[in-house]
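Here is what each chain is made of, one letter per residue.
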Amino acid sequence: GEDVEQSLFLSVREGDSSVINCTYTDSSSTYLYWYKQEPGAGLQLLTYIFSNMDMKQDQRLTVLLNKKDKHLSLRIADTQTGDSAIYFCAERSGAGSYQLTFGKGTKLSVIP
Amino acid sequence: DTAVSQTPKYLVTQMGNDKSIKCEQNLGHDTMYWYKQDSKKFLKIMFSYNNKELIINETVPNRFSPKSPDKAHLNLHINSLELGDSAVYFCASSQDRRAGSDTQYFGPGTRLTVL
């Protein structure tokens, strides 16, 4: 079945850039998502990218997609303490698929 | 204002009890979902419900049953609670799961603790 992998932890200094990586196995993935979960809160959709794109930028967030290698990354520029959270990568297979497959989440810790 | 809301936020109960978690969305979406997030933060889909069509993840025990009184609500009923049911349960909704650009919006979660 589909699998989504992420590293579990990332620690960066405030003001630096953070790069969170994700790999997936499903070659029929159409959309890939990044969600943010703050402590004790629900998942917040940050951004998503269609599989025929290789980059998407939204303010401090840059998503890079290498479809050949099935590799997705989320870059957060000028990381702030408020960015400390767990970041989930998710993929959606083919139009008509109801299911999102999530990675296990990367816990980002921002050091002041 | 809240797009997807769940009640209660916390639920502590004894093993063997029956409980319900409620979910409401005011986004006008057609599809709603229930996810379970275990202690290791791994998210797994449990159900998808669209226009009276229920799709069940086959790994979900039949003690779990979703009930949808209308398009804006999808409640989760759990019978004979077990210790392993302790988790955070997230409700989500999306416009149309058949559309390629469909995006799911999540509720704040319900933390269930079974003693």
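This text goes with the structure placed above it.
Counting from 1, residues in each chain are numbered in the order their sequence is written. As they are written, the chains are lettered A onward and the ligands numbered 1 onward, keeping that order. Selection of residues for local features in this predicted model requires a pLDDT of at least 70, selection of side-chain atom pairs for listing and counting requires 80 or more, and totals for whole chains, interfaces and linings are taken over all residues. In computing side-chain values, all of the structure's heavy atoms are included and hydrogens and water are not.

## Some words on unusual backbone geometry
Turning to step 1, where the next piece is worked out: With an omega dihedral of -5 degrees, the bond running from Thr7(B) to Pro8(B) counts as a cis peptide bond.
Turning to step 2, where the next piece is worked out: Relative to the elements of secondary structure, Pro8(B) occurs in the loop between strand E1 (4-7) and strand E2 (10-13).
Turning to step 3, where the next piece is worked out: The phi torsion at Gln59(A) lies on the positive side, around 55 degrees, for a residue other than glycine.
Turning to step 4, where the next piece is worked out: Under the scheme used here, helices are H or I runs from DSSP no shorter than 4 residues and strands are E runs no shorter than 2 residues, and both carry numbers assigned from the N terminus. Among the secondary structure elements, Gln59(A) is positioned in the loop between strand E6 (55-58) and strand E7 (61-66).
Turning to step 5, where the next piece is worked out: Judged by its relative accessible area of 74%, Gln59(A) falls in the exposed class. Only protein chains enter the accessibility calculation, which uses a 1.4 Å probe; a residue whose area is less than 20% of its type maximum is buried, one above 50% is exposed, and one in between is partly exposed.

## What to know about the environment of Ala87(B)
All names here are of chain B.
Turning to step 1, where the next piece is worked out: Relative to the helices and strands, alanine 87 is located in strand E9 (residues 87-94).
Turning to step 2, where the next piece is worked out: Alanine 87 sits in the buried class, given a relative accessible area of 7%.
Turning to step 3, where the next piece is worked out: With 50 residues separating them in the primary sequence, alanine 87 and glutamine 37 have C-alpha atoms 5.8 Å apart.
Turning to step 4, where the next piece is worked out: Any two residues whose heavy atoms approach within 4.5 Å at even a single point are treated as in contact. Each residue touching alanine 87, except ones within four places of it in the same chain, is listed here: Lys36, Gln37, Asp38, Thr110, Arg111 and Leu112.

## Some details on the sheet that holds strand E7 (residues 64-67) of chain B
Residues and elements named next belong to chain B.
Turning to step 1, where the next piece is worked out: With respect to topology, 4 strands assemble into an open sheet ordered E1-E3-E8-E7, the strand pairing being antiparallel. Looking at the sheet topology across the chains shown, the edges are occupied by E1 and E7. Put simply, the sheet's adjacent strands are angled 20 degrees from each other on average, direction ignored.
Turning to step 2, where the next piece is worked out: Sheet topology places E1 next to strand E3 (residues 19-25); 4 bridges connect them, and they run antiparallel. In the sheet register, glutamine 6 faces E3, and the bridge partner there is cysteine 23. We treat two strands as partners when DSSP finds at least two bridges between them. All axes are obtained by fitting lines to C-alpha atoms, using only the stretch in contact for helices, and the reported angles, taken between N-to-C directions, cover 0 to 180 degrees.

## So, the nonpolar core
Turning to step 1, where the next piece is worked out: In this text, buried Ala, Val, Leu, Ile, Met, Phe, Trp, Tyr and Cys residues form a nonpolar core when linked through side-chain atoms within 4.5 Å. Grouped together as the largest cluster of nonpolar side chains are 20 residues, with contacts concentrated most on Trp34(B), Met46(B), Phe47(B), Phe64(B), Leu76(B), Tyr89(B) and Leu112(B).
Turning to step 2, where the next piece is worked out: Every element with two or more residues in this core is listed here: E3, strand E4 (31-37), strand E5 (43-50), strand E8 (75-78), E9 and strand E11 (110-114) of chain B.
Turning to step 3, where the next piece is worked out: Within the second largest apolar cluster, 19 residues are counted, among which are Val4(A), Val12(A), Trp34(A) and Val63(A).

## Quick look at the packing of aromatic side chains
Turning to step 1, where the next piece is worked out: We call Phe, Tyr and Trp rings a pair once their centres come within 6.5 Å, taking the six-membered ring for Trp, and we label the pair stacked below 30 degrees between planes, edge-to-face above 60, and tilted otherwise. For the structure shown, the criterion picks out 14 aromatic pairs over all chains.
Turning to step 2, where the next piece is worked out: An angle of 85 degrees between the planes, with centres 5.9 Å apart, marks the rings of Phe102(A) and Phe106(B) as edge-to-face. A residue pair is termed interchain when its members come from two chains, as with Phe102(A) in strand E10 (residues 100-102) and Phe106(B) in strand E10 (residues 105-106).
Turning to step 3, where the next piece is worked out: Taking the relative accessible area as the measure of exposure, Phe106(B) reaches 10% and is therefore buried.
Turning to step 4, where the next piece is worked out: Centroid distance Tyr35(B) to Phe106(B): 5.2 Å. Interplanar angle 45 degrees. Geometry classified as tilted. A residue pair is termed long-range when its members are at least 10 positions apart, and Tyr35(B) in strand E4 and Phe106(B) in strand E10 qualify at 71 residues.

Honestly, that's just the spatial picture; any functional story needs more than this.
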